[in-house]
Amino acid sequence: MDNNLDNLLDTYLFETNSLLEQLDELLINAEKNTDFTSDDVNEIFRIMHTIKGSSAMLEFTSLMTIAHHIEDLFFYIRENGISKLDSTHKSELFNLMFKSTDKLREEVQKVENNEPLSTNIDNVIAEINSFLDKISDKETEGGSEGAAAVSETPQNAAPETAAGQELPMSHLPEDKGMCFVHIFFDEGCGMENLRAFMLVTSVKDATSDFRFYPDDIETNSSSAESIVQDGFYFAFDSRETAEIAITIIKDSSNIRSYELIDNPAYAAREAAKAAQEESRNTGNEAAAPAKKPAAPAAHNAPVKQNLISVNLSKLDMLMAVVGEIVITESMVISSPELHDLKLDSFLKSARQLRKLTDDLQDIAMSLRMVPISGTFQKMNRIVRDMKQELNKDVRLTIEGEDTEVDKSIVDNISDPIMHIVRNAMDHGIEKTAQERIDAGKNPQGEVLLSARHTGSEVIIIVKDDGKGIDPAAVLAKARENGILTKPEEEYSQKEILSLLMLPGFSTNKEVTEYSGRGVGMDVVKRNVESIGGTVTITSEYGKGTCMTLRIPLTLAIVDGMEVSVGGTIFTVPISNIRKSFKALPEDIIYDSEGHEMIRCMGDFYPLVRLHQLYNINDAITSLEDGLLMWVDASDKSYCLFIDELLGEQQVVVKPLPPYLNNFNIKNSGISGCTILGDGNISIILDIANVYHSAQSLF
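If you're wondering where the values come from, they're calculated on a predicted model, not measured in any experiment. (Residues numbered from 1 in each chain as written. Predicted model: local features only at pLDDT ≥ 70, side-chain atom pairs only at ≥ 80, totals over all residues. Heavy atoms only, no water.)

## Details of empty space enclosed by the protein
Inspection of every chain in the model, using the stated rule, returns 1 cavity of 30 Å³ or more. In this model, the largest cavity occupies a volume close to 40 Å³. Lining of the largest cavity is provided by Y12, E15, T16, L19, T50, I51, S54 and L194. Listed by contribution, the elements that provide at least two residues to the lining of the largest cavity are α1 (2-32) and α2 (38-57). Per-class residue counts for the lining of the largest cavity are 4 nonpolar, 3 polar and 1 charged. (1 Å grid on protein atoms, 1.4 Å probe; cavity = no way out; pocket = protein on both sides within 12 Å on 5 of 7 lines; lining within 4 Å. Points joined across faces, edges and corners; volume = space filled by probe spheres on them. Helix = DSSP H or I, 4+ residues; strand = E, 2+ residues; numbered from the N terminus. Nonpolar A, V, L, I, M, F, W, Y, C, P; charged D, E, K, R; others polar.)

Below, the structure written as structure tokens:
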């Protein structure tokens, strides 16, 4: 039972969060158009009706109550028309809906965190009721209560039953209608009464001339068991109405089968009426035989479904198994026992196996890919709220929202993107429209949020056309904080802008709700680098600022270059490599602290010798005998000294054992490991942390 309840709760949270995201997007678009359409009103009513019903079944009273009152409000608006509201009322309605949605989301988060729900929501309810009274021109509470009573009538009204029927129809509900549609939901889908309730709501958008059984699905959670055993019934007074409903039912999710059944009671009643009519007309004492009920029209064919929801942990397990298959396949093909043997048939089969495992790996990866649109759409709300708070006229332009990345990546980049968008709104866009006009710009500012694929990476850009970053102000603040490490004139533009991502750095002189506390860009940098990404800043003073996030498509697979240092094999992510080359001792110079610098492409870069960093004794130490690899990560660019390149390979990332966290190993430049085809372990390097580890060591 506990497992079943957990499944119900997971389903509830998934569906409720999806509905709230859908509602947020609807409200944003409606506010841009300064009006609700009739479809918007119907959709909001449906969303609230669904949240109310599912919350009531799980006894989440605060969520149910808020949703119920918003439903009452939109029932009144739907019945009387949105046109009755003037522009002031519509503006108030937008603010009220955003505030109510925030409260619903706050309560859902409490459910997710297993915290007690709010017991006092009187302020929210009073605000909703007050607005309903205002638009309905009523000064008493009767208005909202009346709307509530009306909105509940269709669901709670008890259906009339056919009196005097004693036919053996125990498997069918007692109803006077012509026919039933008998529905079974997918086995194990859970929350059958909620799904039935959502189906009723969908059918009600097309027709209201029907009844449904069980008729207490909204208030009685045990009705789910009855639906699993006996199915769910719609009753209709005409076959035409039933066919309309079937067009909706067949496109609904989680429907296993549905069947149109003639009501024997209706057929018997009609036959009796016909017999009486014939007897009266002909005077014949013999009653006409009852008409044989028509054979039921079967619609038992399974309905095709395009989407299913799967627990992320199952996808993680699938990915782990696929990774093991890839490694095992590589170990079999690379087995030393097969060397020097002529096995043409085996090699042919091995090539086919490699192709199939690659396909399997790609399919398993694609299952975890989700569009980034959900994260991007949340930024609409951030921009909308800040526009009002800061009194700035700004539009958000979104491009590439269909770009797909791994689900775990999406979960980790939401906060960094939010920080950057807030910075663009607060720091970037000028305070007044007049400032923009004086600078020769459009009075309305723009924040561009875009995403695109490039090989194994996704590039996310947040760009604004505001005032840009003043390098002199950044240097002055850095000097004031005492964080400059060399003379100011030696800092390049890129290095100056990189100072913004140091902890506690802020050029804002005033602390506001959105900035000035020195918390933000360092968190962005840390969060993005934790998933193997990088952040770069470019800006032109007076023109605008651009933040670029380079994010790996997935954390499970890495395109890497295998390199050797002594007897140890390392994997360097291809995305971090810029060039490999040979060098001579005369190409080395030393900085003021005695650290080695190597010449490359006309510039000098720090040199990190991996054999010194990791105490590898059997490695090459002579510069002429080894290789240099020019790498970069985020704002750091340097050269690694290695023995040789072994070749490029796509590797499955294996996390490090938890007990190694006690040795702070991740800060030593090691992000994970992988198993090679010959069974050896290769250490995957974290290029950003390798540099920091080397700096702290030497």
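From this point on, the discussion continues.
## Observations concerning the packing of aromatic side chains
The tally for this structure, following the rule as stated, stands at 13 aromatic pairs. Seen in terms of ring centroids, F212 and F232 are 6.2 Å apart; in terms of plane orientation they differ by 40°. Their pairing is tilted. Taken together, the positions of F212 in strand β2 (residues 210-213) and F232 in strand β3 (residues 232-236) put the pair 20 residues apart, joining distant regions of the chain. For F232, a relative accessible area of 0% gives the class buried. Each member of the aromatic cluster is reached from another via a ring pair, and the members are F210, F212, F232, F234 and F236. Between the NZ or CZ atom of R78 and the centre of the ring of F45, over which it lies, the distance is 4.1 Å. (Phe/Tyr/Trp six-rings, centres within 6.5 Å; stacked < 30°, edge-to-face > 60°. Buried < 20%, exposed > 50% of the residue type's maximum accessible area, 1.4 Å probe, protein only. Lys NZ or Arg CZ within 6 Å of the ring centre and 35° of its normal.)

## Structural notes on the sheet that holds strand β12 (residues 557-565)
With mixed pairing, the 5 strands of this open sheet are ordered in space as β20-β12-β13-β22-β21. At either margin of the open sheet sits one strand with a lone partner, and together these are β20 (644-652) and β21 (670-675). Neighbouring strand axes in the sheet, compared pairwise and without regard to direction, differ in orientation by 35° on average. Inspection of the sheet shows β21 paired to strand β22 (residues 681-685) by 5 bridges, in the antiparallel sense. Paired with C673 across the two strands is I683, which belongs to β22. (Pairing = 2+ DSSP bridges. Axes fitted to C-alpha atoms, helices over the stretch in contact; angles between N-to-C directions.)

## A short note on the nonpolar core
Grouped together as the largest cluster of nonpolar side chains are 54 residues, with contacts concentrated most on I413, I417, L449, I460, I537, L549 and I551. At 8 residues, the largest contribution of residues to this core is made by helix α14 (residues 407-428). Not counting chain neighbours up to four residues away, the residues in contact with L549 comprise I417, I420, V458, I459, I460, V528, T534 and V535. By size, the runner-up hydrophobic cluster in this structure holds 48 residues, among which are L23, I44, M48 and I121. (Core = buried A, V, L, I, M, F, W, Y, C linked by side-chain atoms within 4.5 Å. Contact = heavy atoms within 4.5 Å.)

## Considering the environment of K407
Here K407 is to be found in helix α14. C-alpha separation for the pair K407 and L367, spaced 40 residues apart in sequence, amounts to 9.3 Å.

## Focus on the environment of T534
Position of T534 relative to the elements: it lies in strand β10 (residues 534-540). Looking at T534, the relative accessible area reads 13%, which means it is buried. With 98 residues separating them along the chain, T534 and D632 place their C-alpha atoms 9.8 Å apart.

## So, the sheet that holds strand β8 (residues 445-454)
On the basis of which strands lie adjacent, the open sheet formed by 5 strands has the order β6-β8-β9-β11-β10 and mixed pairing. Single-partner strands in this sheet number two, and they are β6 (394-399) and β10. Direction aside, neighbouring strands of the sheet carry axes that sit 15° apart on average. When β10 meets strand β11 (residues 544-552), the two strands line up antiparallel, connected through 7 bridges. Bridge pairing in β11 links T536 to T548.

## Quick word on the side chain of D643
Inspection of the secondary structure puts D643 in the loop between β19 (636-642) and β20. Of the side chains with opposite charge, R609 comes closest to the buried, unpaired D643, at an N-O distance of 8.8 Å. Side-chain polar atoms of D643 contact the backbone nitrogen of I620, separated by 3.2 Å. The contacts of D643, once residues within four sequence positions are left out, are S564, V565, G566, A619, I620, D625, G626 and L627. (Lys, Arg positive; Asp, Glu negative; His and termini not counted. Salt bridge = Lys/Arg side-chain N within 4 Å of Asp/Glu carboxyl O. Polar contact = N/O pair within 3.5 Å; in protein donor to acceptor, adjacent residues only side chain to side chain.)

## As for the packing of helix α4 (residues 87-112) against helix α5 (residues 122-135)
In the contact formed by α4 and α5, the axes pass within 11 Å of each other and the chain directions differ by 160°. Judged by the inter-axis angle, α4 sits roughly antiparallel to α5. Like other packed secondary-structure pairs, α4 and α5 cross with a definite hand, here left-handed. Only V124, E127, I128, F131, K134 and I135 of α5 make contact with α4, whose side of the interface consists of H89, E92, L93, L96, K99, S100 and K103. The residue makeup of the contact of α4 with α5, split by class, is 6 nonpolar, 2 polar and 5 charged. (Parallel < 35°, antiparallel > 145°, perpendicular 65-115°, else oblique. Left-handed = near helix turned anticlockwise from the far one by under 90°.)

## Observations concerning a nonpolar patch on the surface
A surface patch of nonpolar side chains, about 260 Å² in accessible area, is lined by L318, I363 and L367. Mapping L367 onto the fold places it in helix α12 (residues 344-367). (Patch = residues over 30% accessible without salt bridge, like charges linked within 9 Å, V, L, I, M, F, W, Y side chains within 5 Å. Areas by Shrake-Rupley, 256 points an atom, 1.4 Å probe, with all protein chains shown as cover.)

## Topic: the confidence of the model for the chain
For the chain, mean pLDDT is 81; residues scoring 70 or higher make up 87% of the total. Every residue in residues 138-169 is under pLDDT 50, and counting partners more than four places away or in other chains gives 42 contacts. A low-confidence stretch, residues 284-305 (pLDDT under 50), is modelled with 31 contacts involving residues beyond four sequence positions or located in other chains. (pLDDT = per-residue confidence, 0-100.)

## Regarding α14
With 22 residues, α14 should cover 32 Å at 1.5 Å per step; its first-to-last C-alpha distance of 30 Å lies within 8% of that length. Largest kink in α14: about 35°, centred on I413, with the proline P416 one to four residues after it. (Expected span 1.5 Å × (residues − 1). Bend = angle between axes of the 7 residues up to and from the residue.)

## Quick word on α12
Spanning 24 residues, α12 covers 35 Å between terminal C-alpha atoms, matching the ideal 34 Å at 1.5 Å per step. Buried within α12 we find A350, T357, Q361, A364 and M365. Where α12 is buried, its residues touch α11 (312-333), β5 (369-371), β7 (404-406), β12 and β20.

## Some details on the packing of helix α7 (residues 192-204) against helix α9 (residues 239-249)
Remark: α7 packs on α9, axes separated minimally by 9 Å, with the N-to-C direction vectors making an angle of 125°. Viewed along their axes, α7 and α9 adopt a mutual orientation that is oblique. In this structure, α7 crosses over α9, and the sense of that crossing is right-handed. Seen from α7, the contacting residues are L199, S202 and V203; seen from α9, they are A245, I248 and I249. By residue class, the composition of the contact of α7 with α9 is 5 nonpolar, 1 polar and no charged.

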